[in-house]
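Take a look at the letters that make up each chain.
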Amino acid sequence: RLKPGELLRESLMQLVKEQGLSSAFVISCVGSLTQARLRYATSSDGSGTNPSELLQRHMEIVSLVGTISQGGQSCHLHICLSDEHGRAIGGHLLGDDIVYTTAEVVLGCHAGLVFTREPDPATAFDELVVTAAPALKPK
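Presented here is an overview of the structure given in this document. None of the values given here were measured: they were computed from a predicted structure. (Residues numbered from 1 in each chain as written. Predicted model: local features only at pLDDT ≥ 70, side-chain atom pairs only at ≥ 80, totals over all residues. Heavy atoms only, no water.)

1. With respect to the overall build of the protein chain
Okay, step 1: For the protein chain, the count of helices and strands is one helix and six strands.
Okay, step 2: Secondary structure of the protein chain in N-to-C order comes out as α-β-β-β-β-β-β.
Okay, step 3: The C-alpha extent of the protein chain, read off along each of the three principal axes, is 55 × 40 × 20 Å.
Okay, step 4: Residues classed as buried in the protein chain amount to 33% of the 139 residues present.
Okay, step 5: When contacts within the protein chain are restricted to residue pairs at least 6 apart in sequence, long-range pairs at least 24 apart make up 63% of them.
Okay, step 6: Summed over its atoms, the accessible surface of the protein chain is roughly 8,100 Å², and 55% of this surface lies on carbon and sulfur atoms.
Okay, step 7: Here the protein chain carries 11 positive and 15 negative side-chain charges, and the mean point of each set is 7 Å from the other. (Helix = DSSP H or I, 4+ residues; strand = E, 2+ residues; numbered from the N terminus. Buried < 20%, exposed > 50% of the residue type's maximum accessible area, 1.4 Å probe, protein only. Contact = heavy atoms within 4.5 Å. Areas by Shrake-Rupley, 256 points an atom, 1.4 Å probe, with all protein chains shown as cover. Lys, Arg positive; Asp, Glu negative; His and termini not counted. Charge placed at Lys NZ, Arg CZ, Asp CG, Glu CD.)

Right, dumping it as structure tokens:
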């Protein structure tokens, strides 16, 4: 559970790093934020840009999904937030996300897999690559 004032994305990445997890993923998250920076889908104006926005208001976390790779070195998280009228907005969580009241996060990890992110020329982004974890030698 994250407490008021903590940074959501950065805290999750730090936890995964501290625990040495190689294939973490978000199962569930409920809580609220006072600030978040989101990146949206590619602009439809043909510019090929991905607009981003810093939201600064009280928002409920409606959904958080994604993966945290390479022992907390990178992540791909999408979030959906709602305002005081229940209107939702979502996108790629870039950071600057400050917990308002709480963020109750449940993470999972598959010990038999390793998540990495590698450049994909088709998308121009680092994309998820899933490989089998090295076999452990019995003691």
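Structure's up, so let's keep going.
2. Structural notes on the environment of Gln19
Okay, step 1: By secondary structure assignment, the location of Gln19 is in helix α1 (residues 8–19).
Okay, step 2: In sequence terms Gln19 and Gly71 are 52 residues apart; their C-alpha atoms lie 8.1 Å from each other.

3. Some points on the pairing of strand β3 (residues 74–82)
Okay, step 1: As paired elements, strand β2 (residues 52–69) and β3 share nine bridges and run antiparallel to each other. Paired with Val65 across the strands is His78, a residue of β3.
Okay, step 2: As consecutive antiparallel partners, β2 and β3 are separated by four residues, and within that stretch Gln70 has a phi angle of approximately 50°, a positive value.
Okay, step 3: For β3 and strand β4 (residues 88–109), the ladder comprises five bridges, and the chain directions are antiparallel. (Pairing = 2+ DSSP bridges.)

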